[in-house]
Amino acid sequence: NANAPNQQSASAVWSNGYAGVWHMGDNAANTNVVNSQSGVNGTAQQNTSALTTAGKTGGALTFNGSTDYVNTGTGAGKPANYTINAWLKPSAYTNSGTVFSASGGYNHWGIFGRDSGTMELYTSNGSAYGLGVSTDNWNATNYPSSSFTFITGTADGSSFRYYRNGVKIGSD
């Protein structure tokens, strides 16, 4: 509706309480991936100019599914409560990979593709095992290569929820 008022409120959407916001549109001749919120930048495994592609909202980075990723290190900490959002547009369906991870040994959290062919929202418990929900199949039906898919994972310290395109797919 061209006559509808603009209801966007950037101040209501963006909080300075975010641990990180990586837009992935850096297109720099270096490996730095800038965090526009807290200064916890990521490091790509090669110059981001070699990874630049069109994204859902502006520029994006493309990854090969195995050795390309952005390392955020331990700077984002390991919060009990968190939300992770990402737009995905796969070109292949490998059995494992990382959408987002912040880690330091067994203290890691993020969204991962697992060898079982599922997507998993996961938080470690300080040992080799952790807590999470793994219920979404990583395939062309759920994540078509012809369009972007919006995923969200939320954790509140005791429960996990995973959403694809706004629909809850799984919870613990």
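The structure this text deals with has already been given above.
Predicted model, so just to flag it, every value in this text is computed and none were measured.

**Side note on the sheet that holds strand S12 (residues 160–164)**
Pairing within the open sheet is antiparallel, and its four strands lie in the order S6-S11-S12-S13. Strands at the two margins of the open sheet, each flanked by one partner only, are strand S6 (81–88) and strand S13 (167–171). Sheet twist, expressed as the mean angle between neighbouring strand axes with direction ignored, is 20 degrees. For S12 and S13, the ladder comprises four bridges, and the chain directions are antiparallel. In the strand pairing of S13, arginine 161 is matched with serine 171.

**Some thoughts on the nonpolar core**
In this structure, Met119, Leu121, Ile151 and Tyr162 are the most contacted members of the largest nonpolar core, which totals 24 residues. In terms of residue count, S6 provides more of this core than any other element does, four residues in total. In contact with isoleucine 151, not counting residues within four places along its chain, are Ile84, Asn85, Ala86, Leu88, Val99, Ile111, Met119, Tyr143, Tyr162 and Tyr163.

**A look at the pairing of S6**
Here S6 shows a buried face lined by Tyr82, Ile84, Ala86 and Leu88 and an unburied face lined by Asn81, Thr83, Asn85 and Trp87. When S6 meets strand S11 (residues 149–156), the two strands line up antiparallel, connected through eight bridges. Bridge pairing in S11 links asparagine 85 to threonine 152.

Definitions and limits used
- Residue numbers run consecutively from 1 along every chain, following the written order of its sequence.
- Where local features are concerned, this predicted model is filtered to residues with pLDDT of at least 70; where side-chain atom pairs are given and counted, the filter is 80 or more; whole-chain, interface and lining totals use all residues.
- Computation of side-chain values: all heavy atoms of the structure, hydrogens and water removed.
- Strand pairing requires that DSSP identify at least two bridges connecting the strands.
- Here a strand is any run of E in DSSP of at least two residues, a helix any run of H or I of at least four, and the numbering for each starts at the N terminus.
- Angular values range over 0 to 180 degrees, each being the angle between N-to-C directions of two axes fitted as lines to C-alpha atoms, with helices fitted over their stretch in contact.
- Put simply, a nonpolar core is a bunch of buried Ala, Val, Leu, Ile, Met, Phe, Trp, Tyr and Cys residues held in one set by side-chain atoms that sit within 4.5 Å of each other.
- The buried label applies to any residue whose accessible area, calculated with a 1.4 Å probe on protein chains only, is under 20% of its type's maximum; exposed applies above 50%, and partly exposed to all values in between.
- Contacts are assigned to residue pairs that have any heavy atoms within 4.5 Å of one another.

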